[in-house]
Amino acid sequence: MITSFRNPLIKRIRQLRQKKVRLREGVGFLEGIRAVLTAVEAVPEQIESLVYAPDLLTSEVARKMLQAAAAEGVDTIPISAEIFNGISDRDNPTGLAAVIRSPLRRLVDLEVSPNSLFVALEAIADPGNLGTILRLLDAVGAAGCILVGQTTDLTHPNALKASMGSAFTVPVAAVERPEQLVEWASAQGLQRVATSARADESYWTAAYHFPVLIMMGSEQQGLSPGLREAADLSVVIPMWGQPTSLNLAVATGLVLYEVRRRSGLP
């Protein structure tokens, strides 16, 4: 059992709090029973090691998963409760975590079917918003998410936490330039839908055609002019009170569920 903060693994886990380290190594630190169980089930090949504190972990399901993972050759590493509390960002950690490789995919690896629903997030900065949107995409049965430009990273602890495991069940790809997204969407026959406060058409009445790509802009700037101009359809979310904008995850959820409701899919 690891009982020292000077242990190389513990040092590495603490270094993964830095974005540059996560991006350089292509790994993140995932914490929480539900999230880890989802990752182990969905992408077992991405698990680098499982870390647990026997004195904190009370879930019998999680304990059985650890036994099964160890039998299959996965590194399952016990650490003391003190060490686990020291590497956790939670007030009452449950005693289970994983060092996991990023599930980020290439754009060309995303599968498009006639009923596919995708969301593109341009320059999203808040990892909590990213995680929440991935959970929303999972809930509506979306086909995937594309990160565009300079965004928060998929392995950010807050993104993984907010996604509740959906970061490993929803395909996520990334592109550096908006033009790459537009070229891919055009080649795949996706209807490109832009959300914009400047649009005249309400998202309640717009005509959506599948497969469809919903394009959402950054929390501060919204969609870039290039993506707005490349849209086949622009929609606005009506507001009657004082706010001039909505939280990005809330806005994405509203549009996603309206598009899904009118999809005709069961």
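Residues numbered from 1 in each chain as written. Predicted model: local features only at pLDDT ≥ 70, side-chain atom pairs only at ≥ 80, totals over all residues. Heavy atoms only, no water.

**Student:** Can you help me understand the side chain of S263 in this one?
**Tutor:** Structurally, S263 can be placed in the segment after α10 (248-261). Looking at S263, its side chain comes within polar contact range of the main-chain oxygen of R260, at 2.7 Å. (Helix = DSSP H or I, 4+ residues; strand = E, 2+ residues; numbered from the N terminus. Polar contact = N/O pair within 3.5 Å; in protein donor to acceptor, adjacent residues only side chain to side chain.)

**Student:** I would appreciate a short explanation of the environment of L23 in the present structure.
**Tutor:** Of note, L23 is situated in helix α2 (residues 19-25). L23 sits in the exposed class, given a relative accessible area of 52%. Sequence separation between L23 and D153 is 130 residues; the distance between their C-alpha atoms is 7.6 Å. (Buried < 20%, exposed > 50% of the residue type's maximum accessible area, 1.4 Å probe, protein only.)

**Student:** Any chance you could explain the pattern of salt bridges here in plain terms?
**Tutor:** Pairing between side chains becomes possible if they bear opposite charge and their charged atoms approach one another. Counted according to the given criterion, the structure contains 10 salt bridges. Salt-bridge contacts for R12 lead to E48; the nearest nitrogen and oxygen are separated by 2.2 Å. Of this pair, R12 sits in helix α1 (residues 8-15) while E48 is found in strand β2 (residues 47-52), placing the two residues 36 residues apart along the sequence. For R12, a relative accessible area of 21% translates into the label partly exposed. In this structure, the salt-bridge partner of E25 is R24, at a minimum N-O distance of 4.0 Å. Since its relative accessible area comes to 30%, E25 is described here as partly exposed. Taken together, the shared-partner salt bridges connect R12, R24, E25, E48 and R101 into one network. (Salt bridge = Lys/Arg side-chain N within 4 Å of Asp/Glu carboxyl O.)

**Student:** I'm lost on the nonpolar core in this one. Help?
**Tutor:** Formed by 52 residues in total, the largest nonpolar core has its most connected members in L121, L134, L137 and I214. Per-element accounting of this core gives the leading share, six residues, to α10. Aside from chain neighbours lying at most four places away, what touches L134 is C145, L154, S163, S166, A167, V170 and V172. Core analysis: the second largest hydrophobic core is formed by 21 residues, V182, W184, L223 and A230 among them. (Core = buried A, V, L, I, M, F, W, Y, C linked by side-chain atoms within 4.5 Å. Contact = heavy atoms within 4.5 Å.)

**Student:** Looking at this model, I keep getting lost on the packing of aromatic side chains. Mind explaining?
**Tutor:** The geometry of an aromatic ring pair is captured by two quantities: the separation of the ring centres and the angle between the planes. Inspection of the entire model under this criterion finds three aromatic pairs. Between F118 and W184, the aromatic rings sit 5.3 Å apart at their centres with planes inclined by 90°, giving edge-to-face as the arrangement. Of the two residues, F118 sits in strand β5 (residues 117-122) while W184 sits in helix α8 (residues 178-188), which places them 66 residues apart along the sequence. Ring centres of W204 and W240 lie 6.2 Å apart, and the angle between their planes is 20°; on these two criteria the pair is classed as stacked. Of this pair, W204 sits in the loop between β9 (201-202) and β10 (212-216) while W240 is found in the loop between β11 (233-236) and α10, placing the two residues 36 residues apart along the sequence. Assessed through its relative accessible area of 43%, W204 is described here as partly exposed. The class for W240 is exposed, based on a relative accessible area of 71%. One aromatic cluster in this structure is built from Y203, W204 and W240. (Phe/Tyr/Trp six-rings, centres within 6.5 Å; stacked < 30°, edge-to-face > 60°.)

**Student:** What should I look at first to understand the side chain of E258 in this one?
**Tutor:** Its location among the elements puts E258 in helix α10. Owing to a relative accessible area of 8%, E258 belongs among the buried residues under this scheme. In this structure E258 touches Y203 and W204, once residues within four positions along its chain are discounted.

**Student:** In this structure, what is going on with unusual backbone geometry? I would like to understand it.
**Tutor:** For residues that are not glycine, phi is negative in most cases, and the peptide bond is trans in most cases. Note the cis peptide between F210 and P211, where omega equals -5°. Inspection of the secondary structure puts P211 in the loop between β9 and β10. With a phi close to 55°, A123 is a non-glycine residue in the positive phi region. Summarising the element assignment, A123 is placed in the loop between β5 and α6 (127-139). The class of A123 is partly exposed, set by a relative accessible area of 31%. For M164, which is not glycine, the phi torsion reads 55° and is therefore positive. Among the secondary structure elements, M164 is positioned in the loop between α7 (157-163) and β7 (172-175).

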